[in-house]
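# Observations on chain architecture
Read off the chains here:
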Amino acid sequence: MNENVLEIIDTLKARLDDLTSVVGECSIELEGYDTKLDQIDTQIYVLQTKIEKLNERIAAGEEVVSDLAAAEAKSSRIPEDIKEGMTDAVQMAGSLARDAKPIVSEITGTVNELKEAFGISGKGSKTPFNK
């Protein structure tokens, strides 16, 4: 049971042995790598505690089904489809802003021409056209 998980753990152990070797051979200070490894360690610890909680529930006689993907999807604050929609909305807003720039320039120019034609200085007024 759980052979695939145990196989990945063995792979990780071998990878850490390889990493230990190459770090030992490195002749420069590897700044920041400790932080990256600490983040990986934290992720592994979180997985460990989740499995420990499953084991506790099993020991208590609960019927437990482990579906990490479903559990993580529930714990996500923003669902993936909404994230994708937000990305699309931001891209559309950027596109609209780029498209609107020449139009706003045209309107600003027209307003300035009208001010000149009617002798309006506009000094002191707070309008979108005076900055």
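Residues numbered from 1 in each chain as written. Predicted model: local features only at pLDDT ≥ 70, side-chain atom pairs only at ≥ 80, totals over all residues. Heavy atoms only, no water.

Moving on: the overall build of the chain. Within the chain one finds 4 helices and 0 strands. When its helices and strands are written in sequence order, the chain yields α-α-α-α. Of all 131 residues assigned to the chain, the portion counted as buried reaches 2%. (Helix = DSSP H or I, 4+ residues; strand = E, 2+ residues; numbered from the N terminus. Buried < 20%, exposed > 50% of the residue type's maximum accessible area, 1.4 Å probe, protein only.)

This part takes up unusual backbone geometry. At Asn2, a residue that is not glycine, the phi angle is positive and equals roughly 65°. Using a relative accessible area of 46% as the deciding quantity, one classes Asn2 as partly exposed.

Moving on: helix 4 (residues 80-118). An ideal rise of 1.5 Å per residue puts 57 Å on 39 residues; helix 4 measures up with 55 Å between its terminal C-alpha atoms. Where helix 4 ends, the next residue or the one after it, Gly119, has phi of about 70°, a positive value. (Expected span 1.5 Å × (residues − 1).)

Below, the discussion takes up the environment of Ile78. Within the element layout of this structure, Ile78 appears in the loop between helix 3 (68-75) and helix 4. Residues within four places of Ile78 in sequence aside, it is in contact with Lys83 and Met86. (Contact = heavy atoms within 4.5 Å.)

Per-residue confidence for the chain gives a mean pLDDT of 84; residues scoring 70 or more make up 85%. Between the elements of the chain, mean pLDDT differs from a low of 63, seen in helix 3, to a high of 95, seen in helix 1 (residues 3-25). (pLDDT = per-residue confidence, 0-100.)

All right, on to a nonpolar patch on the surface then. Taken together, the side chains of Ile8, Leu12, Leu16, Leu19, Val22, Val23, Leu37, Ile40 and Ile44 make up a nonpolar region of the molecular surface, amounting to roughly 750 Å² of accessible area. Listed by contribution, the elements that provide at least two residues to the nonpolar patch are helix 1 and helix 2 (33-59). Looking at which element gives the most residues to the nonpolar patch, the answer is helix 1, with 6 residues. Mapped onto the elements, Ile8 comes out in helix 1. (Patch = residues over 30% accessible without salt bridge, like charges linked within 9 Å, V, L, I, M, F, W, Y side chains within 5 Å. Areas by Shrake-Rupley, 256 points an atom, 1.4 Å probe, with all protein chains shown as cover. Salt bridge = Lys/Arg side-chain N within 4 Å of Asp/Glu carboxyl O.)

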